[in-house]
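Architecture and fold: a report
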Amino acid sequence: MLILAFLLGFVINALGYIPPGNINLSVAQLAINKGTRQAYYFILAFSIVEVFFTIGMMRFARWMSSDVNLDVKVNGISLNNLVDFLMLAIFLIIGTITWINRNKIPNPKSQASQSKKGSVLYGIVLGVINPVQIPFWLFFGNYVILKDWIHTDYISLIIFSVGSGAGSALALYGYSYFARFIQEKFALSHVIMNKSIAIFLYSLAGILIVKNIFIFCL
């Protein structure tokens, strides 16, 4: 049962990080601008935080009833809308930073001597400020618990969460590898890659804006 708990956490979270978002695009940007080693520091820090985050969310999911309504409004704002607003802010901030720094040429010498603390801190911050994972685990956490696929004792939840962290690490490693592969395969400059990432983040922000305008107009 513990092996099943680990595999479920691994698969669910790995699949959850496949769609492009602020986390995996941040990893791609790090791999392009600062090298894969800095990206690995970020991934390690982020995945460790993800373990504790998942434990907390799974405990919360166990406490909640099976009828998790993400549309319940608090002061006129639903949880779904709140998550959208937070993600919109994150997309705009990271996209703007990427766009501002798009023309900065990486210096291999400075990268070699660069402390890993910056990448580790970046991974911790994004691991803590990751609002999209809240509804994600509220849904999937309740689902696996209600299906009796995992037990809800501490050991099972910890093993499940460790699998979750390992799944996020694998998915993010894939993004960092793919970003470097694309850059080298097609001889793309870091400027083009940074512009592409910034534009994609702005596009995601635009989708959220249109979605919420449409919702409020109904």
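Right above here is the structure, for reference.
The structure presented is a predicted model; accordingly, all values stated were derived computationally and were not measured. (Residues numbered from 1 in each chain as written. Predicted model: local features only at pLDDT ≥ 70, side-chain atom pairs only at ≥ 80, totals over all residues. Heavy atoms only, no water.)

In this model helix H6 (residues 117–128) runs 16 Å from its N-terminal to its C-terminal C-alpha over twelve residues, within 8% of the 16 Å that 1.5 Å per residue would give. The set of residues buried in H6 consists of Ser 119, Gly 123, Leu 126 and Gly 127. Seen end-on, H6 carries its buried residues on one side only, within an arc spanning 105 degrees. Exposed positions of H6 whose direction lies more than 90 degrees from the buried face are Lys 117, Leu 121 and Val 128. (Helix = DSSP H or I, 4+ residues; strand = E, 2+ residues; numbered from the N terminus. Expected span 1.5 Å × (residues − 1). Buried < 20%, exposed > 50% of the residue type's maximum accessible area, 1.4 Å probe, protein only. Arc of directions from axis to C-beta.)

Attention shifts here to the packing of aromatic side chains. Scanning the model with the defined rule gives ten aromatic pairs in all. A ring pair is formed by Trp 137 and Phe 160, whose centres lie 5.5 Å apart and whose planes are at 75 degrees; its orientation type is edge-to-face. Linking Trp 137 in helix H7 (residues 133–146) with Phe 160 in helix H8 (residues 154–185), this pair joins segments that are 23 residues apart in sequence. Given a relative accessible area of 0%, Phe 160 falls into the buried group. (Phe/Tyr/Trp six-rings, centres within 6.5 Å; stacked < 30°, edge-to-face > 60°.)

Bringing H8 into the picture now. Here H8 is 32 residues long and its end C-alpha atoms lie 46 Å apart, about the 46 Å a rise of 1.5 Å per residue gives. Where H8 begins, the side chain of Asp 153 points an oxygen toward the backbone nitrogen of Ile 155, at a separation of 3.3 Å. (Polar contact = N/O pair within 3.5 Å; in protein donor to acceptor, adjacent residues only side chain to side chain.)

The grouping of Tyr 40, Leu 170, Tyr 173, Tyr 177, Phe 178 and Phe 181 at the surface amounts to a nonpolar patch, some 630 Å² of accessible area in total. Per-element accounting of the nonpolar patch gives the leading share, five residues, to H8. As for its placement among the helices and strands, Tyr 177 is situated in helix H8. (Patch = residues over 30% accessible without salt bridge, like charges linked within 9 Å, V, L, I, M, F, W, Y side chains within 5 Å. Areas by Shrake-Rupley, 256 points an atom, 1.4 Å probe, with all protein chains shown as cover. Salt bridge = Lys/Arg side-chain N within 4 Å of Asp/Glu carboxyl O.)

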